[in-house]
Amino acid sequence: MRGVARILLALFCVLCGAPLLAAGAEDKSYLESLLEERLSGPGYHVTIEGFEGALSSQARVARIAIADGEGTWLEIRDATLDWQRAALLRGRLEVEKLSAARITLSRRPKAAKRRFTPEARAFTLPELPVSVRIGRIEAREITLGASVLGAPVRGTLAGSARLDASGGEVLLSARRTDGRRGRLELSARLAREEGRLTLRLVVDEGPRGVVANLLKIPDRPALLLEMLGNGTAADFAGRFRLASDGAPRLSGTVRL
């Protein structure tokens, strides 16, 4: 989540400064270069193509690509940002809709080398100078390469997100559209002050699905997994149940 927040923050900081730029083709190219410079970092490079609408309430990007030393691993096509520019003056980033026609994750990114730190650290939300609210996140087509989840997957994604002084919230709904039954519903809320996480996860998939394949369950049956959890990082409890081919198989409580 920190990486996503960093990219969003850098993007909108550049958008806030866009009125200082002229509207000619040369300045538009300069703006794309500026975005690439601000969004790229050690071990990865971001490419921005066809950026337009920086001075309006609806910005569009024809192509966003993220690459590492082995090439491009993530590509976003026809991204649209419908946002309230005036809200930035009040310290809020309000996005009505963040959408993309197609997102392709061909493989997992190459892991960056990091210095090993043995101590455990509790998860914390990133601190941003503005509050963030995205009313709707939408991807009309998502394609995952075979190496991401063990088999190629195509589907859709919808959801919303919020990050402010009180905490954060993410709602996501994903469905397969490649002829296989598959549905994922995720609801997660984290209160910043007390560090309390409320989690709901539902995975429903047909035979030979992603989860059954990853867990190497014999005969790869249809699966239904539901989990509800609530608590802090030091005391988190969740109830779960697992069914295969419509029959209950396992249920219980997980406590961390």
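Above: the structure in question.
About the criteria used
- Residues numbered from 1 in each chain as written.
- Predicted model: local features only at pLDDT ≥ 70, side-chain atom pairs only at ≥ 80, totals over all residues.
- Heavy atoms only, no water.
- Helix = DSSP H or I, 4+ residues; strand = E, 2+ residues; numbered from the N terminus.
- Buried < 20%, exposed > 50% of the residue type's maximum accessible area, 1.4 Å probe, protein only.
- Pairing = 2+ DSSP bridges.
- Salt bridge = Lys/Arg side-chain N within 4 Å of Asp/Glu carboxyl O.

S.K.: I'd like to hear about the overall build of the protein, residue by residue, with values.
M.R.: Counting its regular elements, the protein contains four helices and twelve strands. Every one of the 256 residues in the protein was classed for burial, and the buried ones make up 36%.

S.K.: Run through the pairing of strand 3 (residues 71-84), naming residues and quoting values.
M.R.: One ladder, built from ten bridges, connects strand 2 (residues 58-68) with strand 3; its direction is antiparallel. In the sheet register, Ala59 faces strand 3, and the bridge partner there is Leu81. Joining the antiparallel neighbours strand 2 and strand 3 is a turn of two residues. Relative to strand 4 (residues 92-105), strand 3 is paired through ten bridges, and the arrangement is antiparallel. What sits directly across from Glu75, in strand 4, is Thr104.

S.K.: Please give an account of the pattern of salt bridges that cites residues and values.
M.R.: In this structure the tally under the stated criterion is 20 salt bridges. Among the salt bridges present, the one from Arg77 reaches Glu75, with a minimum N-O distance of 3.4 Å. A relative accessible area of 29% means that Arg77 is categorised as partly exposed. Overall, Glu75 belongs to the buried group, its relative accessible area being 18%. For Asp164, the salt bridge identified is with Arg162, shortest N-O distance 3.0 Å. The exposure class assigned to Arg162 is partly exposed, which follows from its relative accessible area of 26%. In this structure, a network of salt bridges that share partners links the residues Arg175, Arg181, Arg183, Glu185 and Asp204.

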